[in-house]
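Structural characterization, general
Okay, here's what each chain looks like letter by letter:
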Amino acid sequence: MMEREELAARLEELEIQAALQNELLDSLSGTVARLQKDLDLQQAQLRLLYGRLQEKDGARQSQPFNPAAEIPPHY
């Protein structure tokens, strides 16, 4: 009788652990999905900036270098 109660307690503990691991896995999966979305957005922004830089460099080849044009707007 005691052995059956011990087995039931062990089984219950394993079920609790499995449920907690499933919850953690779902949470981690959501985090990875969010990070992938953020990474995709950052890569798209980087491609856009790179494209703009290429356009700017192409237009600049016919104009002399102007350091004042390189100063960020917050200065």
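The chain carries the name Protein SlyX homolog in an unreviewed UniProt entry, which gives Eikenella longinqua as its organism. Per its UniProt entry, the chain bears the Sequence similarities (unreviewed entry) comment "Belongs to the SlyX family."

1. Quick look at the pattern of salt bridges
Per the stated rule, a full pass over the model turns up one salt bridge. Of the charged contacts in the structure, one is a salt bridge between Asp 38 and Arg 34, with a shortest N-O distance of 3.9 Å. Of this pair, Asp 38 and Arg 34 both sit in helix α1 (residues 2–60), four residues apart, roughly one helical turn. Look at Arg 34 and you get partly exposed, because its relative accessible area is 46%.

Reading the values: rules and limits
- Residues numbered from 1 in each chain as written.
- Predicted model: local features only at pLDDT ≥ 70, side-chain atom pairs only at ≥ 80, totals over all residues.
- Heavy atoms only, no water.
- UniProt positions renumbered as here; feature names shortened; annotations may be inferred.
- Salt bridge = Lys/Arg side-chain N within 4 Å of Asp/Glu carboxyl O.
- Helix = DSSP H or I, 4+ residues; strand = E, 2+ residues; numbered from the N terminus.
- Buried < 20%, exposed > 50% of the residue type's maximum accessible area, 1.4 Å probe, protein only.

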